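Fold and geometry: a report
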Amino acid sequence: MSRRTSTRPRAVSSPSSYSSDLREAIRQFLPRSGLALVVNDQKLRWVPRMLVTCAIVMTWDLADLLSDAFERARGVVVKMYCSRRRPGESYAGFMATLAHQTSRHLALLVPTLRRHVRALAESCDRWRVDGWCAFGVDGLRIECPMSAANEAAFGTAGKSKTGPQQFLTTIFHVASGLIWDFRRDGARASERAHLLEMLEELPPEAMLLADAGFSGYDLLKGLIDRGNSFLIRVGSNVKLIRKLGYHVREGKQTVYLWPMDKQGRCGHKRAMPRNLKAVKLPLVLR
C-alpha cells in the first residue's frame with residue numbers, strides 16, 4: 001500500500017517577515033515614548049530603541065560568551081530596522097553605551113513592563129493563585145570572571161579561594177513566573193536589605209513568599225505596616241514567643257516575634273530597659 005503525500009507547498013516565514021513580526025511584538029511592550037529611534041546626534045551609534053532591543057534579544061541567547069550573543073543580537077536588530085542607520089559593530093562600544101544609559105532606560109521600562117505583566121495576567125486569570133496575589137523573593141550569588149576589576153567592584157564572600165561575586169535579589173510574580181523587581185550589589189550584600197528597598201514596589205494586595213533569610217523584625221514590620229500578607233520559613237535561629245498575653249485574641253497558633261534589642265534589652269546582661277523609648281512592640285504572627 002502506498003502512502004499518499006501532500007503536494008501542497010508549506011508556508012515558511014521569510015527572514016524579513018520574522019524580523020517584522022519580532023519588531024512589532026517588542027514594540028507592543030516597550031514604552032511608546034522615551035526610546036527614540038531617531039536622534040539628532042549623528043555620532044551616536046546606538047540609538048535608545050535599538051540599544052534596548054539588542055539588550056533584550058541578548059538575554060534570549062544561550063551563548064557561552066556575551067560577545068557571541070551580542071553579534072547575533074545585533075544581526076537581529078539590523079534586520080528589524082533595515083531601513084535605519086546600522087548600529088555600532090563593537091561589543092565594547094555597545095556595553096559602554098548600555099552601562100551609561102541603563103539607569104535612565106530602566107526607570108522608563110520597569111513601570112511599563114509591570115503594567116503589561118499585570119494586564120496580561122489578569123486577562124488570562126493568572127494574576128492570583130487560589131485567591132492570593134503571590135510574589136516570591138530570593139537571593140543568589142553569581143560567580144563573576146576572575147579579574148582585578150571584578151574583584152575591586154564586587155569583592156568576595158570571604159571564603160577561601162572564592163572569586164568575585166555579585167549578589168542578586170529578585171522578586172517575581174508567582175502565577176506567571178515573571179520578574180517584578182530586582183537589586184544587585186557586591187558579594188557581601190544583604191538580601192534582606194535589598195527586599196526592604198523593594199517593598200514600595202509590591203502591589204498593596206501582594207502576599208510575599210520567602211525563605212528563612214527574610215525573617216527579620218524590621219522587614220516583617222515593614223510588610224505588616226503596608227498591609228501585605230506573607231508566608232516565610234523560619235529557622236532554628238529565630239525565637240518565637242508563645243502566650244505573651246499581648247494580643248487581644250491569642251489562639252493556639254498565635255506567636256510573637258520580639259527580639260531582645262526590640263525589647264530594649266541590649267547589652268551583656270539583657271536587663272530590663274530603663275528607657276521605654278527603646279522598646280518596640282512585638283509582632284503578632286501565626
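Whatever comes next refers back to the structure up there.
Quick summary incoming for the structure in this document. (Residues numbered from 1 in each chain as written. Predicted model: local features only at pLDDT ≥ 70, side-chain atom pairs only at ≥ 80, totals over all residues. Heavy atoms only, no water.)

Aromatic rings considered in pairs are described by the distance between their centres and by the relative angle of their planes. Under the counting rule described, the total for this entry stands at eight aromatic pairs. Ring centres of F70 and F94 lie 5.1 Å apart, and the angle between their planes is 35 degrees; on these two criteria the pair is classed as tilted. On the criterion of sequence distance, the pair formed by F70 in helix 3 (residues 66-80) and F94 in helix 4 (residues 91-123) is long-range, its members being 24 residues apart. One exposure class covers both F70 and F94, and it is buried. Summarising the aromatic geometry, the rings of F135 and W180 are spaced 5.3 Å apart at their centres and angled 70 degrees between planes, so their arrangement reads as edge-to-face. Of the two residues, F135 is situated in strand 1 (residues 133-143) and W180 in strand 3 (residues 179-186); the sequence distance between them amounts to 45 residues. Of the two residues, F135 and W180, neither departs from the other in class, the shared state being buried. In this structure an aromatic cluster arises from ring pairing among W46, F70, Y91 and F94. (Phe/Tyr/Trp six-rings, centres within 6.5 Å; stacked < 30°, edge-to-face > 60°. Helix = DSSP H or I, 4+ residues; strand = E, 2+ residues; numbered from the N terminus. Buried < 20%, exposed > 50% of the residue type's maximum accessible area, 1.4 Å probe, protein only.)

Overall, the relative accessible area of 0% leaves F94 in the buried class. In this structure the C-alpha to C-alpha distance between F94 and R74, which are 20 residues apart in sequence, comes to 9.7 Å. Not counting the four nearest positions on each side in its chain, F94 is found in contact with W46, L51, C54, A55, M58 and F70. (Contact = heavy atoms within 4.5 Å.)

Purely spatial values, then, with no claim about function.
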